[in-house]
Amino acid sequence: MGESADPPFETTYKNLFSNSPDSTLQKDSGPELIVEESELPLIDLNQLNLGDLEKQACQKLIAQASREWGFFQVINHGISRDVLETMRAEQVKLMKKPFLDKTNCKDSNLSAGSYRWGTPSATSLEHLSWSEAFHVSLTDVLGSGGHNSLSSRMEQFATTVLKLAQTLADILAEEIGDKTCFFKETCLASTCYLRLNRYPPCPLIHPYKMFGIIPHTDSDFLTVLYQDNIGGLQLVKDGRWIAVKPNPQALIINIGDLFQAWSNNVYKSVKHRVVANARNERFSTAFLFCPSSDTVIRSRGLYKSFSFGEYRQQVQQDVDVFGHKIGLSRFLASRRTSAAGHTGQPEPKLTLLRRHVRVFIPHSLRPGRIIKRRSLGPFPTDPVHRRGGVNGRVNPTMWRFVVQFTHPVFWGSMGKNSIYDEKVRRIEATIDDGGLALKSA
Ligand SMILES: O=C(O)CCC(=O)C(=O)O
Ligand SMILES: [Fe+2]
């Protein structure tokens, strides 16, 4: 085993396997759910170098994808094939080293603790990530001067991708009316991270269907992802899991929690995951666009101001205490959010009324469970005592529902569709004096 590259998943987590009947992974969140394969929005960044009209159109597409998907792909992104491929070759070389060398960070000049694998806090198979990663602070590799080809490739990759990330962040800020130097001043090469991911083949895929990375959102402003062509990345769109079809020309961009807070929920940090592959190993390289720890993220009302350091500390504490990240909802200014008035734009003159909101349970991801999409009415609604159209065998402790704002004036702060995915027994929604309150009981 000492010479094997793969982490000892099966021996380390053997209790989880022996305690997990097949049914353990049959919950709503399991990777066996039916997913649709779909093309993410694909944006040609070459448009930014053409005339004003093309540039503006391209900026609008970037903002639209970030509002509606939280994810998009870019081509003609300015990162050369050579930079991408040499980075990947070094990553593969590093990951092929014996497991014990990786745990000791031997030969790689990386800080102790940068190598991670599995999920130490997992209490069941659905919490286990069948993957390994080097999570690298760029301070470890900057100025390495080429004495180690891994460090110099990471430095070259990161400094090039940083410019792309800054360009995208500036565009996203401008599109919500905030032309700013904030990102250039706070997100520097020295404050960003690289995650070198490897997903070993998972021979246990049947009967256990495993995650390569469990569902999560990223705790950064945005992530630039370079993946190989194996596939497995999935994200939530309108309450459904969508499988991303790899495009070898494209880099994937996704909005992280900090941008969602900074934009007051205009841009969405959406849940994503990777499903394990029984036969093929998979590699991906993620560039995490982060500010320094003391940078304060100010939202325009929906969230309290918090520093990036505080955010990370809270995430870590929640993982330690609850076994999973809770994320941005920890920092809501209040549980009661006003749909009108936090857009950073002039206060809309429209009061939120019952007819501006539609609550529904989206199409089931599990055939035979929730079978119909229909409005639950009248509002306020309580899905436990829901009306007809929904199959009674729906898991009573997991509700995934959508609050849809039918008038665009509310979309700025809440988005057209706000998706709630809660482990609750009862959901109450009330509207009064222009605000929407969702209460989980
Ligand atoms: O490997 C992928 O496709 C996604 C990786 C990811 O989500 C992450 O590193 O945060
Ligand atoms: Fe991620």
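Along every chain, residues carry numbers that run from 1 in the direction the sequence is written. Chains and ligands are labelled sequentially in the order written, the chains with letters from A and the ligands with numbers from 1. Local features are withheld for residues below a pLDDT of 70 in this predicted model, meaning they are given only at 70 or higher, and side-chain atom pairs are given and counted only at 80 or more; totals for whole chains, interfaces and linings count all residues. Hydrogens and water are ignored here; the side-chain numbers use all heavy atoms of the structure.

The protein is annotated in an unreviewed UniProt entry as Gibberellin 2-beta-dioxygenase 8 from Sesamum alatum.

Undergrad: So, the overall build of the protein: which residues are in play, and what are the values?
TA: Numbering of helices and strands starts at the N terminus; helices are DSSP runs of H or I of at least 4 residues and strands are runs of E of at least 2. If you tally the helices and strands in the protein, you get 10 helices and 21 strands. Categorising residues by exposure relies on relative accessible area from a 1.4 Å probe, with only protein chains included: less than 20% of the type maximum marks a residue as buried, more than 50% marks it as exposed, and the intermediate range marks it as partly exposed. Here the protein holds 441 residues, and 52% of them are scored as buried. Expressed as a percentage of contacts within the protein between residues at least 6 apart in sequence, the contacts between residues at least 24 apart total 75%. Residue exposure ignores everything except the shown protein chains as possible cover, and the areas themselves are Shrake-Rupley values with a 1.4 Å probe. For the protein, the accessible surface area stands at approximately 19,700 Å², while carbon and sulfur atoms represent 51% of it. By the convention used here, residues are in contact when the closest approach between their heavy atoms is within 4.5 Å.

Undergrad: Residues and numbers for a nonpolar patch on the surface, please.
TA: The residues that make up patches have over 30% relative accessible area and no salt bridge, and they are joined within 9 Å when like-charged or within 5 Å when they are Val, Leu, Ile, Met, Phe, Trp or Tyr. Here, a salt bridge means any Lys or Arg side-chain nitrogen found within 4 Å of an Asp or Glu carboxyl oxygen. A cluster of nonpolar residues, Val321, Phe322 and Ile326, forms a patch on the protein surface that exposes about 270 Å² of accessible area. Within the element layout of this structure, Phe322 appears in helix 9 (residues 308-322). With a relative accessible area of 47%, Phe322 lands in the partly exposed category.

Undergrad: Go over the nonpolar core with me, naming the residues and quoting the values.
TA: Buried Ala, Val, Leu, Ile, Met, Phe, Trp, Tyr and Cys residues form a nonpolar core when they are joined through side-chain atoms within 4.5 Å. Counting residues in each nonpolar core, the largest one holds 100 residues, and the members touching the most others are Phe183, Phe221, Leu222, Phe259, Phe287 and Phe289. Looking at this core element by element, the count peaks at 13 residues for helix 6 (residues 149-175). With sequence-adjacent residues up to four places away left out, Phe183 is seen in contact with Gln166, Ala169, Asp170, Ala173, Phe221, Phe259, Trp262 and Phe289.

Undergrad: Would you mind going over the coordination of the iron ion (ligand 2) in detail, with residue names and values included?
TA: Metal donors were taken as nitrogen, oxygen and sulfur atoms no farther than 2.8 Å from the ion, or 3.2 Å where the ion is Na, K or Ca. Water is excluded, so coordination may look unfinished. Donor atoms from the polypeptide that coordinate the iron ion (ligand 2) comprise His216 (NE2), Asp218 (OD) and His272 (NE2), at 2.1 to 2.2 Å from the metal. Along the chain, the residues donating to the iron ion (ligand 2) fall in the pattern H-x1-D-x53-H. With His216 in strand 7 (residues 211-216) and His272 in strand 12 (residues 272-275), this pair connects stretches of sequence that are 56 residues apart.

Undergrad: Break down the sheet that holds strand 8 (residues 222-227) for me, citing the residues and quoting the values.
TA: Strands are labelled as partners when DSSP assigns at least two bridges between them. With respect to topology, eight strands assemble into an open sheet ordered 2-3-11-8-13-6-5-4, the strand pairing being mixed. Pairing within the sheet leaves two strands with one partner each, and these edge strands are strand 2 (42-44) and strand 4 (115-117). Averaged over all pairs of adjacent strands, the angle between their axes in this sheet comes to 25°, without regard to strand direction. Bridge count between strand 3 (residues 71-75) and strand 11 (residues 251-255): four bridges; the pairing is antiparallel. Within strand 11, the residue paired with Phe72 across the bridge is Ile253. Running at roughly 155° to strand 2, helix 3 (residues 52-68) makes contact with strand 2, strand 3 and strand 11 of the sheet. Note on geometry: axes are lines fitted to C-alpha atoms, helical ones only across the stretch in contact, with angles between N-to-C directions running from 0 to 180 degrees. Packed on one face of the sheet, helix 4 (residues 81-95) meets strand 5 (132-137), strand 6 (193-199), strand 8, strand 11 and strand 13 (282-289) and runs near 115° to strand 13.

Undergrad: Which residues make up the site of ligand 1, and what are the values?
TA: We define proximity as follows: a residue is near a molecule or strand when any one of its heavy atoms falls within 4 Å of that partner. All residues adjacent to ligand 1 are Arg195, Asn197, Tyr199, Ile213, His216, Asp218, Leu225, Leu233, His272, Val274, Arg282 and Ser284. Think of a polar contact as two N or O atoms within 3.5 Å of one another; within protein, one of them needs to be a possible hydrogen donor and the other a possible acceptor, and neighboring residues in sequence only count if both atoms come from side chains. Note that an oxygen atom of ligand 1 is positioned 3.2 Å from one of the side-chain N or O atoms of Arg195. Measuring from an oxygen atom of ligand 1, one finds a side-chain N or O atom of Tyr199 at 2.6 Å. Relative to its unbound accessible area of 290 Å², ligand 1 is 95% covered by the protein chains. Listing elements by their share of the shell around ligand 1, those giving two or more residues are strand 6, strand 7, strand 12 and strand 13. With three residues, strand 6 is the single largest residue contributor to the shell around ligand 1. Three classes are used, and their members are as follows: Ala, Val, Leu, Ile, Met, Phe, Trp, Tyr, Cys and Pro are nonpolar, Asp, Glu, Lys and Arg are charged, and the others, Gly among them, are polar. The residue makeup of the shell around ligand 1, split by class, is five nonpolar, four polar and three charged.

Undergrad: Describe helix 6, and please don't skip the residues or the numbers.
TA: To estimate the expected span of a helix, count its residues, drop one, and scale the result by 1.5 Å. Under the 1.5 Å per step criterion, the end-to-end length of helix 6 is 39 Å for 27 residues, consistent within 8% with the ideal 39 Å. Downstream of helix 6 by one or two residues, Gly177 has phi in the positive range, about 80°.

Undergrad: Kindly report on helix 9, identifying the contributing residues and their values.
TA: For helix 9, with 15 residues, the first-to-last C-alpha span of 21 Å sits near the 21 Å given by 1.5 Å per residue. Buried within helix 9 we find Phe308, Tyr311, Val315 and Asp318. Buried positions in helix 9, seen along its axis, are confined to an arc of 90° and lie on one side of it. Turned more than 90 degrees from where helix 9 packs its buried face, Gln313, Asp320 and Val321 sit exposed. Looking one or two residues beyond helix 9, the residue adopting positive phi is Gly323, at roughly 85°. Directions are taken from the helix axis to each C-beta atom, and the arc is the one they span.

Undergrad: Report on the state of the cysteines, specifying residues and quantitative values.
TA: In plain terms, two cysteine sulfur atoms within 2.5 Å form what is called a disulfide here. Under the counting rule described, the total for this entry stands at zero disulfides. Here Cys181 is not cross-linked by a disulfide; its sulfur's nearest cysteine counterpart is in Cys187, at 13 Å. Not engaged in a disulfide, the cysteine Cys290 finds its nearest cysteine sulfur in Cys192; these two sulfurs lie 5.9 Å apart.

Undergrad: For the pairing of strand 9 (residues 233-237), give the residues involved together with the corresponding values.
TA: Burial of strand 9 is extensive: five of the five residues sit out of reach of the surface. Both faces of strand 9 are covered, namely the face carrying Leu233, Leu235 and Lys237 and the face carrying Gln234 and Val236. For strand 9 and strand 12, the ladder comprises three bridges, and the chain directions are antiparallel. Each residue of the ladder has a partner; that of Leu233, found in strand 12, is Val274. Relative to strand 10 (residues 240-244), strand 9 runs antiparallel, the two sharing four bridges. Directly across from Lys237, in strand 10, lies its bridge partner Arg240. Hairpin connection from strand 9 to strand 10: two residues lie between these consecutive antiparallel strands, with Asp238 at a positive phi of about 50°.

Undergrad: An account of the sheet that holds strand 10 is needed here, citing residue identities and associated values.
TA: Ordered by their spatial adjacency, five strands build an open sheet running 1-10-9-12-7, and the pairing between neighbours is mixed. The sheet is open, and its two edges are formed by strand 1 (36-38) and strand 7, each paired on a single side. The mean inter-strand angle of the sheet, taken between neighbouring strand axes irrespective of direction, is 35°.

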